[in-house]
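Descriptive structure summary
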Amino acid sequence: MNKNTLDIDRRNFIKKAGGTLIAAAAGSSLALSTMRAHAAQSAVTQTKQTQAAITPQAALQMLKEGNARFVQGNMLKRDLMQQVKATGGGQFPFAAIVGCIDSRASNELIFDQGIGDIFSARIAGNFVNDDILGSLEFACAAAGAKLIVVLGHTECGAIEGACDDVVLGNLTQTLANIKPAVAAVSGYDSDRTSKNNQFVQAAADKNVALTVERIRERSPILRGMADKGQIGLAGAMYDVHTGKVKFTA
Ligand SMILES: [Zn+2]
């Protein structure tokens, strides 16, 4: 191999290497954009910093977007065990949801949320009593949640039970918490039972509205936080037929 050949080889090598570099660069930018696309679909595990940066309005928007993803079947990618590890030392949820125990209305699923994202209080008929108010005070005043959502749902058996004055063990007392909402619905005089779907839904809507009011009335701590804009308070209704949540207050 003489010097000229070597030079040609070197030139070819550099050319090749340059080509490879360009290809590699093109590949990495493709990989990067693919990664960005994946990153956009990956869930963020809440930390003290991310929680602190979320406003009540942003928290509401996050739940709306989460429900939209759920309805579209476009849920974020989550490594739940990775989230378990990341949150083991502390939790920083951005919202607290009071929902029904109904098997079709899982708060985390219908809002597309993961480990450490939301506090969930679930009770038949999604009302509040002293214990649930205490839980919400913990969620917001002690643990930093920015939003409380009272989430009712359509076709709620607890609301139907309250409409029909069902008597059954401890459930009788549970349903007594919902009866003020049923009584507050005017009209429907021809049929105020669970056979009247419109009446049942009116009672479910009223129950959400009264529960939001009751949180303000019965928790000076939460009312104070809401009045200062530190937390938001919202009502919502989940449709068990469509998977959609409609925010009402
Ligand atoms: Zn229910």
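As a starting point, this report considers the structure included with it.

Scoring rules and cut-offs
- Residues numbered from 1 in each chain as written.
- Predicted model: local features only at pLDDT ≥ 70, side-chain atom pairs only at ≥ 80, totals over all residues.
- Heavy atoms only, no water.
- Helix = DSSP H or I, 4+ residues; strand = E, 2+ residues; numbered from the N terminus.
- Buried < 20%, exposed > 50% of the residue type's maximum accessible area, 1.4 Å probe, protein only.
- Contact = heavy atoms within 4.5 Å.
- Arc of directions from axis to C-beta.
- Axes fitted to C-alpha atoms, helices over the stretch in contact; angles between N-to-C directions.
- Parallel < 35°, antiparallel > 145°, perpendicular 65-115°, else oblique.
- Nonpolar A, V, L, I, M, F, W, Y, C, P; charged D, E, K, R; others polar.
- Donors = N, O, S within 2.8 Å, 3.2 Å for Na, K, Ca; no water.
- Core = buried A, V, L, I, M, F, W, Y, C linked by side-chain atoms within 4.5 Å.
- Expected span 1.5 Å × (residues − 1).
- Pairing = 2+ DSSP bridges.

Observations concerning the overall build of the protein chain
In terms of helices and strands, the protein chain carries 11 helices and five strands. Scored against the burial criterion, the 249 residues of the protein chain give a buried share of 39%. Residue pairs in contact within the protein chain that sit at least 24 positions apart in sequence constitute 70% of those at least 6 positions apart.

A word on helix 11 (residues 220-227)
L222, M225 and A226 are the residues of helix 11 that are buried. Mapping the buried residues of helix 11 onto a view down its axis gives an arc of 100°, with all of them on the same face. Exposed and oriented more than 90 degrees from the buried face of helix 11 are P220 and D227. Buried-residue contacts for helix 11 involve helix 6 (130-142), strand 3 (147-153), helix 10 (197-218) and strand 4 (232-238). One or two residues past the end of helix 11 sits G229, with phi positive at roughly 80°.

Here we look at the packing of helix 10 against helix 11
It is at 5 Å that the axes of helix 10 and helix 11 come closest, and there the two elements cross at 100°. With respect to helix 11, the axis of helix 10 lies roughly perpendicular. Of the residues in helix 11, those touching helix 10 at I215, R216, E217 and R218 are P220, L222, R223, A226 and D227. Across the contact of helix 10 with helix 11, the residue classes break down as four nonpolar, no polar and five charged.

Some points on the coordination of the zinc ion
Protein coordination at the zinc ion: the donors are C100 (SG), H153 (NE2) and C156 (SG), at 2.0 to 2.3 Å from the metal. Judged by its relative accessible area of 5%, C100 is buried.

Some words on the nonpolar core
Ranked by size, the top nonpolar core spans 41 residues in total, and within it L136, I148, I159 and I215 carry the most contacts. Those elements that provide at least two residues to this core are strand 1 (95-99), strand 2 (118-122), helix 6, strand 3, helix 7 (157-163), helix 10, helix 11 and strand 4. Apart from the residues lying within four places of it in its own chain, the contact partners of I148 are A96, L136, C140, I215, L222, I231, G232, L233 and A234. Ranked by size, the runner-up nonpolar core spans 19 residues in total, among them I54, A59, F111 and I118.

Here we look at the side chain of T211
Turning to its location among the elements, T211 is positioned in helix 10. Excluding its chain neighbours within four sequence positions, the residues that come into contact with T211 are N126, F127, V128 and V150.

Structural notes on helix 3 (residues 56-72)
Over its 17 residues, helix 3 extends 25 Å from the first C-alpha to the last, a length consistent with the 24 Å expected when each residue adds 1.5 Å. Looking at the buried residues of helix 3, the elements they touch are strand 1, helix 5 (107-110), strand 2, strand 3, strand 4 and strand 5 (245-247).

Description of the pairing of strand 4
Within strand 4, seven of the seven residues are buried, leaving the element largely enclosed by the surrounding structure. Burial along strand 4 is two-sided: G232, A234, A236 and Y238 facing one way and L233, G235 and M237 facing the other are all buried. In this sheet, strand 4 lies alongside strand 3 in parallel orientation, the contact comprising seven bridges. Counterpart to G152 in the pairing with strand 4 is M237. Pairing geometry for strand 4 and strand 5, over three bridges, is antiparallel. Note on strand 5: the bridge partner recorded for M237 is K246. Joining the antiparallel neighbours strand 4 and strand 5 is a turn of six residues, in which G243 adopts a positive phi near 80°.

Treat this as a map of the structure, not an account of what it does.
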